[in-house]
Amino acid sequence: MPSSSSQNIVVLGAGVIGLSTASSLRKSYPNADISIVAKYFPGDYHIDYTSPWAGGNWCSSAADNGLLESFDRVTFERFSELARTTPESGIARSPLRMIFDQKAENADILSKGTGKIWYEDLVGGLDPIDKSIFNGMLHSARFHVTRVNAMNGLLARCRDANIRLVREGVKHIDDIPRLWPETTGIFNCTGLGSFSLGGVEDKKMYPTRGQIVLVEQPIKPLERMYFRSPRRVDNDTTYIFQRPLAGGIVLGGCRENGNWNGEVDLEFAKDIMRRCCALVPELGKPEDLKIIRHGVGLRPSRTGGPRIETEVRPNGMLVTHNYGASGAGYQASWGMAEHGVQLFKYALSKTETRRAKL
């Protein structure tokens, strides 16, 4: 295997994890030949391409008191830096009002072993809301997070970093070295595609269907984002996320595990708009909303959580798998990407050490 200074790396997949991974690789390997190979890129809309349909925000659902929380911390810090220094990146700070219809200890928001909301200090504190504002509310808070409309910004970052973009569908992981013989390492960031990708075929993967309505912003922009749910991860969830750079407002939603249906349910879309307008009256009446697009996305969920690990294929190729973030792709993106790159570097160093001893 070539040394770290002569790497030729292929990132398979151009969702938020793939693009973040390629950018992280460039930072670690400034002289490497890096390519992103994907069937879909930012600007495309397809049921097999999840990232464009996401609400796109940082609002941690991790509560493991471990690796998942660390991914979200790294990403929050990166998003906050970009929001401060590069507003054209499509990332901006915003207040978020979260409302849970259960007590905090039953809403799956407290970190294991601590009984606390782990990111309270990270986001600058939580501001409790007067319970009289919302009937039935048992726990709620206001805090500042980031809202994201960053796929095009990520793509531009990759282009600026001299990362090659290749539009190509790949059916088997071992097709990559056959198509590009100079390849020395592969990052598999195919999300739900890993369910059927030859050589991977991870049957722990399953879709979590979501449906959104993207609407125009009102004349007076919303002052904050909103999220209401019985628990942090629940099918009965209502959210309103305003995208930066006049990207519209995402209204949602649902979480339907195991549902592969990519068709828009227009009756359910009416329910989404009704719920969102009831939660945020300044949106106006449901019938007055100006719809830009209906969307359905299949979150790449995985039993046991995301897979981030290295593998040496029978052909000797080093593959780093990084997929299965479910609905946490944006909020964990930079953390997952950097963790995957570190695993790759460690595996590579072990290989080079073994070669040196021969």
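Residues numbered from 1 in each chain as written. Predicted model: local features only at pLDDT ≥ 70, side-chain atom pairs only at ≥ 80, totals over all residues. Heavy atoms only, no water.

*Asks:* Could you clarify how one ought to interpret the overall build of the protein in this entry?
*Replies:* On a plain count of helices and strands, the protein comes out with 6 helices and 14 strands. Here the C-alpha radius of gyration of the protein, 21 Å, is about what a compact globule of 358 residues would show, namely 21 Å. Across its three principal directions, the C-alpha atoms of the protein cover 70 × 40 × 40 Å. Taken over 358 residues, the protein has a buried fraction of 54%. Summed over its atoms, the accessible surface of the protein is roughly 16,100 Å², and 49% of this surface lies on carbon and sulfur atoms. (Helix = DSSP H or I, 4+ residues; strand = E, 2+ residues; numbered from the N terminus. Rg over C-alpha atoms; globule rule 2.2 N^0.38 Å. Buried < 20%, exposed > 50% of the residue type's maximum accessible area, 1.4 Å probe, protein only. Areas by Shrake-Rupley, 256 points an atom, 1.4 Å probe, with all protein chains shown as cover.)

*Asks:* Mind showing me how you'd approach empty space enclosed by the protein here?
*Replies:* Rolled over the atoms, a probe sized like a water molecule indicates the empty space that remains. As enumerated under the stated definition, the model contains 2 cavities of 30 Å³ or more in all. Approximately 40 Å³ is the volume found for the second largest cavity. As for the second largest cavity, its lining consists of Ser-60, Ser-61, Ala-62, Asp-108, Ile-109, Tyr-119 and Arg-232. In terms of residue class, the lining of the second largest cavity is made up of 3 nonpolar, 2 polar and 2 charged. (1 Å grid on protein atoms, 1.4 Å probe; cavity = no way out; pocket = protein on both sides within 12 Å on 5 of 7 lines; lining within 4 Å. Points joined across faces, edges and corners; volume = space filled by probe spheres on them. Nonpolar A, V, L, I, M, F, W, Y, C, P; charged D, E, K, R; others polar.)

*Asks:* What exactly am I supposed to notice about the sheet that holds strand 5 (residues 164-167) here?
*Replies:* Pairing between the strands of a sheet is mediated by backbone hydrogen bonds and can be parallel or antiparallel. If you trace the 6 strands from one edge of the open sheet to the other, you get 5-2-1-6-14-13, paired in mixed fashion. The strands lining the two open edges of the sheet, one partner per strand, are strand 5 and strand 13 (307-312). Put simply, the sheet's adjacent strands are angled 20° from each other on average, direction ignored. In this sheet, strand 6 (residues 185-188) lies alongside strand 1 (residues 8-12) in parallel orientation, the contact comprising 4 bridges. What sits directly across from Val-10, in strand 6, is Ile-186. (Pairing = 2+ DSSP bridges. Axes fitted to C-alpha atoms, helices over the stretch in contact; angles between N-to-C directions.)

From the geometry alone we can't say anything about function, so treat these as descriptive.
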